[in-house]
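Inside the fold
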Amino acid sequence: ADGEAVWVAVVQAGAIGILLGSVLATRVGATGRFAINPRRPVLWANLALSSFAAPLLLFAVPASAAWLVGGYGLAMLALGFLNPVWVSVVQQHVAPDRLARVNSWDMLISFSAMPLGYALAPLAAAHFGGAAVPLVIAAVLVALSTAGTAVVPGVRALSLYPATSGPGAPAPPNNPADTRDPRP
């Protein structure tokens, strides 16, 4: 298949995947017919994000266009689901006067390793004799880092507050870092 056409299809599958994942995330904590209410949405979203190892491995080996498109679309669906869930959880568990600083550190930590990867990947490819090695290393690191969050007790226990309030609604968990006034 034509490389450019395959790449366009991969990128489009990623765009569709991230859109579908984001739409799916709007149902977390919702009520009604299409509600999704996992007890630990951040844990499940991180585990789903482990699927990002698949397109990295598929790019490392001679995979068919259909596998590349499907793998990347699925990975981006997981990312599209994780982002709004994570942002919602952070907003609900961090005091408003600390939210900007927490978000800044979150972004700094999340993106700080990227330049190092960009610098080391060509060196690893030259040393090990091909582009496949850095992709396989990246896939292993992605799988370990995303699935590895499952062993962190704080991640396993992290949940969204209920989307509804009023009589009969469960109270939000006691969070000592939450300094917001609970009164309406």
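On a predicted model such as this, the values are computed, not experimentally measured, just so you know.

Looking now at the overall build of the chain. Counting its regular elements, the chain contains 7 helices and 0 strands. Taken over 184 residues, the chain has a buried fraction of 28%. In the chain, the proportion of contacts linking residues at least 24 apart, taken out of those at least 6 apart, comes to 74%. Of the roughly 11700 Å² of accessible surface on the chain, 70% is carried by carbon and sulfur atoms.

Contact pair helix 2 (residues 41-49) / helix 4 (residues 65-93): the axes reach a minimum separation of 8 Å and the direction vectors enclose 155°. As far as their axial angle goes, helix 4 and helix 2 are roughly antiparallel. As for the relative orientation of helix 2 and helix 4, their crossing is left-handed in sense. Where helix 2 approaches helix 4, its residues Pro41, Val42, Ala45, Asn46, Ala48 and Leu49 are matched on the opposing element by Ala75, Ala78, Leu79, Phe81, Leu82, Val85, Trp86 and Val89. When the residues that make up the contact of helix 2 with helix 4 are grouped by side-chain class, the tally is 13 nonpolar, 1 polar and no charged.

Quick look at the confidence of the model for the chain now. Looking at the chain as a whole, its pLDDT mean stands at 84, while 86% of the residues score no less than 70. Considering only residues more than four positions removed or in separate chains, one finds that residues 163-170, a stretch of pLDDT under 50, has 4 contacts.

Time to look at the layout of surface pockets. In this structure, the largest pocket occupies an estimated 1900 Å³ of space. Lining the largest pocket are 43 residues, with Ser110, Ala113, Met114, Val142 and Ser145 sitting closest to its centre. With 14 residues, the single largest contributor to the lining of the largest pocket is helix 5 (residues 96-128). Residue composition of the lining of the largest pocket, by class: 32 nonpolar, 10 polar and 1 charged.

Per the counting criterion, the structure on display carries 2 aromatic pairs. With centroids separated by 5.8 Å and ring planes inclined at 55°, the aromatic side chains of tryptophan 7 and phenylalanine 59 adopt a geometry described as tilted. Of this pair, tryptophan 7 sits in helix 1 (residues 3-25) while phenylalanine 59 sits in helix 3 (residues 53-60), and the two are 52 residues apart along the sequence. Taking relative accessible area as the criterion, phenylalanine 59 reaches 33% and is therefore assigned partly exposed.

Okay, the nonpolar core next. In terms of nonpolar packing, the biggest core is built from 16 residues, with Val28, Val42, Leu49, Phe52, Phe81, Val85 and Val89 touching the most fellow members. For this core, the secondary-structure elements that each account for two or more residues are helix 2 and helix 4. Looking at this core element by element, the count peaks at 7 residues for helix 4. If sequence neighbours within four positions are ignored, leucine 49 has contacts with Ala75, Ala78, Leu79, Leu82, Val142 and Thr146.

Conventions used here
Residues numbered from 1 in each chain as written. Predicted model: local features only at pLDDT ≥ 70, side-chain atom pairs only at ≥ 80, totals over all residues. Heavy atoms only, no water. Helix = DSSP H or I, 4+ residues; strand = E, 2+ residues; numbered from the N terminus. Buried < 20%, exposed > 50% of the residue type's maximum accessible area, 1.4 Å probe, protein only. Contact = heavy atoms within 4.5 Å. Areas by Shrake-Rupley, 256 points an atom, 1.4 Å probe, with all protein chains shown as cover. Axes fitted to C-alpha atoms, helices over the stretch in contact; angles between N-to-C directions. Parallel < 35°, antiparallel > 145°, perpendicular 65-115°, else oblique. Left-handed = near helix turned anticlockwise from the far one by under 90°. Nonpolar A, V, L, I, M, F, W, Y, C, P; charged D, E, K, R; others polar. pLDDT = per-residue confidence, 0-100. 1 Å grid on protein atoms, 1.4 Å probe; cavity = no way out; pocket = protein on both sides within 12 Å on 5 of 7 lines; lining within 4 Å. Points joined across faces, edges and corners; volume = space filled by probe spheres on them. Phe/Tyr/Trp six-rings, centres within 6.5 Å; stacked < 30°, edge-to-face > 60°. Core = buried A, V, L, I, M, F, W, Y, C linked by side-chain atoms within 4.5 Å.

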